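Architecture at a glance
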Amino acid sequence: GQVSPQIVGYIEDPNAEDNRNVYQKELIKLALDKTMEEFGPYRMTPTFIASSRMRAIKNLKKQSAATLIRPLVHEKMLAEDKQLSHIPFPIYLNALGYRVCFTSSLAQAKLTRIKTLDDLKELTHSQGLGWIDAEILRHNGFTVFENPSHPGIFRTLEIDRVDLFCRGINEFND
């Protein structure tokens, strides 16, 4: 008989203008295509999950009908979590380590006066709720405001509520 395809969920943002997950989807598809002979057919289906990393991890644990692939970078807790399979593979080839920052109109002038690390620490950062970036920045003495909504992060810049929003260079054109 014919083997039923494995249902593989991937993250799809309900916001059609948000292309951050296209690379992930195409990489998952490539891996599944390359391993189809060994593991059998598959069918990819979009899964809409909130942008909060903490909520995404919680939802991953609830999945039962499908294999859900969710790239999560720098998630130290995943390696020890027995409910999830963690595959430590640098899908972005460490590009996330190089940052490009968006800035507010008011902070633009402040940036021209930055001479030292302490000067830089006077600026405020916006990050997504539960993102590892927020933890890293705080650990290094920066002030960080977390926002549960990706569009909300940009909004805080527009209204000059924060000074910087730094992203990986691989996300710059998204």
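Quick note: structure is the one above.
Bear in mind the structure is a predicted one, so any value in this text is a computation, not a measurement. (Residues numbered from 1 in each chain as written. Predicted model: local features only at pLDDT ≥ 70, side-chain atom pairs only at ≥ 80, totals over all residues. Heavy atoms only, no water.)

1. With respect to the state of the cysteines
Enumeration over the complete set of coordinates arrives at one disulfide. Disulfide pairing places Cys101 opposite Cys166 at an S-S distance of 2.0 Å. What sets the handedness of the Cys101 and Cys166 disulfide is the S-S torsion sign, and at about 95° it is right-handed. With Cys101 in strand E4 (residues 99-103) and Cys166 in strand E7 (residues 164-168), the pair connects residues that are 65 residues apart, well separated along the chain. (Disulfide = S-S within 2.5 Å. Helix = DSSP H or I, 4+ residues; strand = E, 2+ residues; numbered from the N terminus.)

2. Details of the packing of aromatic side chains
Tallied over the full model, the rule gives four aromatic pairs. Geometrically, the ring pair formed by Phe102 and Phe165 is stacked, given 6.3 Å between the ring centres and 25° between the ring planes. Residue Phe102 is located in strand E4, and its partner Phe165 is located in strand E7; the two are separated by 63 residues in the primary sequence. Here the aromatic rings of Trp131 and Phe165 are separated by 6.2 Å at their centres, their planes lie at 35°, and the arrangement is tilted. Of the two residues, Trp131 is situated in the loop between strand E5 (124-128) and helix H6 (132-139) and Phe165 in strand E7; the sequence distance between them amounts to 34 residues. A residue is classified by how much of its surface remains accessible, and Phe165, at 0% relative accessible area, is buried. Taken together, the ring pairs in this structure connect Phe102, Trp131, Phe154 and Phe165 into an aromatic cluster. (Phe/Tyr/Trp six-rings, centres within 6.5 Å; stacked < 30°, edge-to-face > 60°. Buried < 20%, exposed > 50% of the residue type's maximum accessible area, 1.4 Å probe, protein only.)

3. Quick word on the side chain of Thr124
Relative to the assigned elements, Thr124 resides in strand E5. Setting aside anything within four residues of it in sequence, one finds Thr124 in contact with Thr143, Phe145, Arg161, Val162, Asp163 and Leu164. (Contact = heavy atoms within 4.5 Å.)

4. Considerations on H6
Three or more residues of H6 are buried, namely Ile132, Asp133, Ala134 and Leu137. Looking at the packing, one finds that the buried side of H6 touches E4, E5 and strand E6 (143-147). After H6 finishes, the residue Gly141 shows a positive phi value of roughly 90°.

5. Examining the pairing of E6
Here is the key point about a regular strand: its side chains alternate between the two faces of the sheet. Where E5 lies against E6, five bridges are found, and the strand directions are parallel. From the neighbouring strand, Thr124 faces E6, where its bridge partner is Thr143. Viewed along the sheet, the connection from E5 through H6 into E6 turns out right-handed. (Pairing = 2+ DSSP bridges. Right-handed = clockwise from strand over helix to strand, strands pointing away.)

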